[in-house]
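Inside the fold
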Amino acid sequence: MITAFNKLYPHVIVKYTNGRSSALTDLFLHETSKHQPSADVIWTTAVDLQAKLINDGYAQAYSSPEKTRIPGWAVWNDQGYAPSVEPFVIAYNRREVPLSDVPKNHFELARLLKEKPKIYDGRIATYDPNSSEIGLLVLSHDVRATPETWDLVHQMAGAHVRLYANSYDMLDAIAKGEVLIGYNIVGSSAMEREAHDAAVGVILPSDYLLSALPVAIISKSAKHPNAAKLFLDFLLSQEGQTILSRHEMTPVRTDVRATTHQFAVDPGRVRTIRVGPGMLVDMDQQSRARLLRKWRPAAQPR
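Definitions and limits used
- Residues numbered from 1 in each chain as written.
- Predicted model: local features only at pLDDT ≥ 70, side-chain atom pairs only at ≥ 80, totals over all residues.
- Heavy atoms only, no water.
- Salt bridge = Lys/Arg side-chain N within 4 Å of Asp/Glu carboxyl O.
- Buried < 20%, exposed > 50% of the residue type's maximum accessible area, 1.4 Å probe, protein only.
- Helix = DSSP H or I, 4+ residues; strand = E, 2+ residues; numbered from the N terminus.
- Contact = heavy atoms within 4.5 Å.
- Axes fitted to C-alpha atoms, helices over the stretch in contact; angles between N-to-C directions.
- Nonpolar A, V, L, I, M, F, W, Y, C, P; charged D, E, K, R; others polar.
- Phe/Tyr/Trp six-rings, centres within 6.5 Å; stacked < 30°, edge-to-face > 60°.

**Focus on the pattern of salt bridges**
Inspection of the entire model under this criterion finds 9 salt bridges. Note that Lys52 is salt-bridged to Asp56, the shortest N-O span being 2.6 Å. Note on Lys52: relative accessible area 32%, which makes it partly exposed. Residue Arg123 is joined to Glu96 by a salt bridge in which the shortest nitrogen-to-oxygen separation is 3.0 Å. Here Glu96 lies in the loop between β4 (84–93) and α4 (106–115) and Arg123 lies in the loop between α5 (117–120) and β5 (124–127), a separation of 27 residues in the sequence. On the basis of relative accessible area, Arg123 is assigned to the partly exposed category, the value being 24%. Each of the salt bridges in this network shares a partner with another, and the network as a whole consists of Glu66, Arg253 and Asp255.

**Overview of helix α9 (residues 187–196)**
An α-helix turns once every 3.6 residues. As a result, residues three or four positions apart point the same way. Every buried residue of α9 is accounted for by Gly187, Ser188, Ser189, Ala190, Met191 and Glu194. For α9, the elements touching its buried residues are β4, α8 (167–176), β7 (181–186) and β8 (200–203).

**Remarks on the packing of helix α10 (residues 225–236) against helix α11 (residues 238–246)**
Contact geometry of α10 with α11 gives a least axis separation of 4 Å together with a crossing angle of 60 degrees. Here Phe234, Leu235 and Leu236 of α10 come into contact with α11, specifically with Gln238, Glu239, Gly240, Gln241, Ile243 and Leu244. Broken down by class, the residue content of the contact of α10 with α11 amounts to 5 nonpolar, 3 polar and 1 charged.

**Considerations on the packing of aromatic side chains**
This model, assessed by the stated rule, comprises 4 aromatic pairs. A ring pair is formed by Phe5 and Tyr9, whose centres lie 5.1 Å apart and whose planes are at 45 degrees; its orientation type is tilted. Using a relative accessible area of 24% as the deciding quantity, one classes Tyr9 as partly exposed. With a centroid separation of 6.0 Å and an interplanar angle of 75 degrees, the aromatic rings of Phe28 and Tyr58 are classed as edge-to-face. Of this pair, Phe28 sits in helix α2 (residues 21–33) while Tyr58 sits in the loop between α3 (47–55) and β2 (75–76), and the two are 30 residues apart along the sequence.

**What about unusual backbone geometry?**
Positive phi outside glycine occurs at His35, with the angle close to 60 degrees. Looking at the secondary structure, you find His35 in the loop between α2 and β1 (41–44). The backbone of Asn77 shows a phi angle near 55 degrees, a positive value even though the residue is not glycine. Mapped onto the fold, Asn77 is located in the loop between β2 and β3 (80–81).

Rendered as structure tokens:
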């Protein structure tokens, strides 16, 4: 993406910092509070954190010329733009998980762990909601989707689930066979890994599919606001969206064709976590604390 952008705008220097959403947000807030140079563009799957930054006045409004070519639900108040749709999937080790064991949905995963606890003991992985902002976000929306989520949490606890802070480490463990099944992994990471690693398989749950709209914002105090606008425009452009699609990120533009798994599902079962005022509920500290209090005992083996 950056290479293609620089071909169009060779005079713009792009410094890219990758990391956990909460750590990047904390860094941005710290640098901004100290009036130090910070990120001009922030782009993350942690929709709740982005919604709070917008609500707290850290994002500047910008009406991108590409806005007319993307759906209205991918834009919030000209401050938050979603260049892609990110599903959360189940990943598994193709070499060690028999086809008959591959869970097609949430219920089948819970049943598998209940019926074959010895086989999958210590070889199940998911996010740790205590250390992963995305993990906490998807847990809260899983619970909203169905109360049966807690049964799945209990079954994973009984299988001594391994908890991770990011998808990359989970996928590495799956590829090595240290973990057999990973739950709620970021879809683009899992599908790109599947495309290049025969050991990794991906399932889009058949009962419901949680997805998020990774949101990009331009900092209100951006030191290079014009360059930031150019980069956001490129993310939303046909060329930029095509690049995202090639790397298993589902584009929002209707004139860019999605590839492989991308939304080859019934739209009726896609539950999308969208940026907007409703996301502020996910940032309520009391609600988050209650959810984690319920998670902790549920995630402990009985």
